[in-house]
Every structure is written in C-alpha cells, then in structure tokens.
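Chain residues, written in single-letter form:
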Amino acid sequence: WLAKVAGQCSTHEQEFINQCRTRFHHIPWNASVTYELLSSRCSLSGHHLAMFLSTQWLYDDQLDAGLALIQHELGAGSCVVLVDTLFMMHLRLARGRQDHYQPRADNPLDQALLHGKVDCLEVPVNPGGSHWAGIQVNIKERTFGYRDGYNATKTVDKADLELLRWFLSSFGHDSLPLHSSIIPTPRQTDSNSCGVVLLSSLAAHYIQWVPWSQSRAAIHRMEWFLKISGRWLDLANSCLVNPHHL
C-alpha cells in the first residue's frame, strides 16, 4: 500500500511515507498492547496496527485504539467520554436481562455518570455491520447528534436512541429527547474510510487535529498509524511484560 501511494504522491505525502517506513523497523510485530477506555479494556496487536496502512476497513480494536488515543489527549479530567465499539452490544445484552440498568460499583463509566462527571458521551456504532458512524450524547445540553461520513441525511437509529435513553435514565437523565440532529461530517466517496473519518472527525472536534478529507485519505491513515504506533511503542517499551495500559 505504501509503495502504491508513493507512486502517485506529493512531496508532503512522501514525508509521511518515509516516517511510516522508518517506524516499521521499531515495532515488535508479535507484541500486543492493552489499553483502557472508561467503558472497557481493549487490546491491539501489531498486525492490526499495521493494517492502518491499507485500504482495509477498520476493525473494532483499531477504532478503539484511536478512540483511546483521543481520550488520552483529552486528559484525565475531561467531561467528554469516548466509549468502546462494543458498548452498544453490552447495553443490548444488559437490557435483555433487566428492566432497569443497574449501575455497577466496579464500572468506571457508571461511577463517573453517577457522580456527574460526564457532560458528553461519544458512542461508535456499526449500522448494518459494515459501516462506522457515531452518536454524540450531550448530557449537559440534553441532545443527541449523529456523525456519518457516508450517509449525509442519516440520524440516530430509533432503537439505538431508545437504548441510550434507557441506559441514561438510571443516572437521572430521563429527559433526553426522542429525536437527533445531524453533526456536519466530511463526506467520503470511497467504501473503506468510515472508521478513519469517524476518528479524524472526533479528533478535529475535540483536540483540534486536521479534519478528514477524501483528498487526504491516505495521509490520514498514515497519520493515525504514526500517532497510534508512537503511543503503542511508548507502552511496549515501558515494561518488559505485557499487557501494557494506555
């Protein structure tokens, strides 16, 4: 993939390609790094780290690694919480077992919500099983928003909206609306960039990174590889024994 991009790139893009090739020599490809979001602990293998440099659709562990990096940049005191890609699946399972969500003492997200430390939740969703989009739950403003780089007019699926309202009602947030708005998101014209579009849109919104654009799709993939692999290497080199924590 890097060779293909190199054959049709600008001087600016060539700098990213050179950085990626240099980084390749420092990554222990048989290692795996464990990192934490407030909602879950996840891991990323060297193999899936390398797959940022391809036209492959992002897997959940790759997206989670990007979300964890944004959360890390936001800092420990942030009132914005990015949850993992399996969060909605876990909520569906919980709702199948109980009429009302029961906050857990050992769940950091539940405790943060109980103590009023969360103003906004960013929830990745996988509609249809082959696309990444995101739901923004602004608890402070009592609004829902939807980020989707492929479907410009799509809003939050009604079942997802109801599930999130069910979850948040257990924390005293029972006046959230029954509708959602569209959050302006860069348009993708390919079929494989949705995960990177979501990550870059969140990073642009919260930590002022460069917004995603189709013309810079390859650069965005290289930037995410470099940013995540840099953090990945810091963790892998900080201890002699896995897992490591992000």
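Residues numbered from 1 in each chain as written. Predicted model: local features only at pLDDT ≥ 70, side-chain atom pairs only at ≥ 80, totals over all residues. Heavy atoms only, no water.

Q: Give a description of the overall build of the chain that names residues and reports values.
A: Along its length, the chain carries nine helices and seven strands. Taking 246 residues into account, the globule formula puts the C-alpha radius of gyration at 18 Å, and the chain, at 18 Å, falls close to it. Dimensions of the chain, computed from the C-alpha atoms along their principal axes, are close to 55 × 45 × 30 Å. The burial tally for the chain puts 51% of its 246 residues in the buried class. Within the chain, residue pairs in contact and separated by at least 24 positions form 64% of the contacts whose partners lie at least 6 positions apart. Accessible area for the chain stands at about 11800 Å²; split by element, carbon and sulfur atoms hold 51% of it. Once the 20 positive and 22 negative side-chain charges of the chain are each reduced to a mean point, those two points are 2 Å apart. (Helix = DSSP H or I, 4+ residues; strand = E, 2+ residues; numbered from the N terminus. Rg over C-alpha atoms; globule rule 2.2 N^0.38 Å. Buried < 20%, exposed > 50% of the residue type's maximum accessible area, 1.4 Å probe, protein only. Contact = heavy atoms within 4.5 Å. Areas by Shrake-Rupley, 256 points an atom, 1.4 Å probe, with all protein chains shown as cover. Lys, Arg positive; Asp, Glu negative; His and termini not counted. Charge placed at Lys NZ, Arg CZ, Asp CG, Glu CD.)

Q: Report on the sheet that holds strand E4 (residues 120–125), specifying residues and quantitative values.
A: Spatially, the five strands line up as an open sheet ordered E3-E4-E5-E6-E7, and their pairing is mixed. The strands lining the two open edges of the sheet, one partner per strand, are strand E3 (80–82) and strand E7 (181–182). Pairing between strand E6 (residues 143–147) and E7: two bridges, direction parallel. When the bridges of E7 are listed, Gly 145 appears paired with Ser 181. Strands E3, E4, strand E5 (133–138) and E6 of the sheet are contacted by helix H8 (residues 194–207), whose axis makes an angle of about 130° with E6. (Pairing = 2+ DSSP bridges. Axes fitted to C-alpha atoms, helices over the stretch in contact; angles between N-to-C directions.)

Q: Residues and numbers for the nonpolar core, please.
A: Residues Ile 70, Met 222, Trp 224, Phe 225, Ile 228 and Trp 232 are the most contacted members of the largest nonpolar core, which totals 48 residues. Of the residues forming this core, the biggest block, 12 residues, is contributed by helix H9 (residues 217–238). Excluding anything up to four places from it in sequence, Ile 228 contacts Leu 44, Leu 49, Phe 52, Gln 62, Ala 65, Gly 66 and Leu 69. Of all hydrophobic cores here, the second largest spans 29 residues; its members include Ile 135, Ile 139, Phe 167 and Leu 168. (Core = buried A, V, L, I, M, F, W, Y, C linked by side-chain atoms within 4.5 Å.)

Q: Can you break down unusual backbone geometry residue by residue, with the values?
A: Not every positive phi belongs to a glycine, and Arg 142 is a case in point at roughly 60°. One non-glycine residue with positive phi stands out, namely Gln 208, at about 60°. Residue position: Gln 208 is located in the loop between H8 and H9. Judged by relative accessible area, Gln 208 falls into the exposed class, the value being 62%.

Q: Can you tell me about the pattern of salt bridges, naming the residues and giving the values?
A: Taken as a whole, this structure holds five salt bridges when the rule is applied. With a shortest N-O distance of 3.2 Å, Arg 104 and Asp 106 are connected by a salt bridge. Its relative accessible area of 59% is what places Asp 106 among the exposed residues. For the salt bridge of Arg 216 with Glu 223, the shortest nitrogen-to-oxygen distance reads 3.7 Å. (Salt bridge = Lys/Arg side-chain N within 4 Å of Asp/Glu carboxyl O.)

These figures come from the coordinates and say nothing about function on their own.
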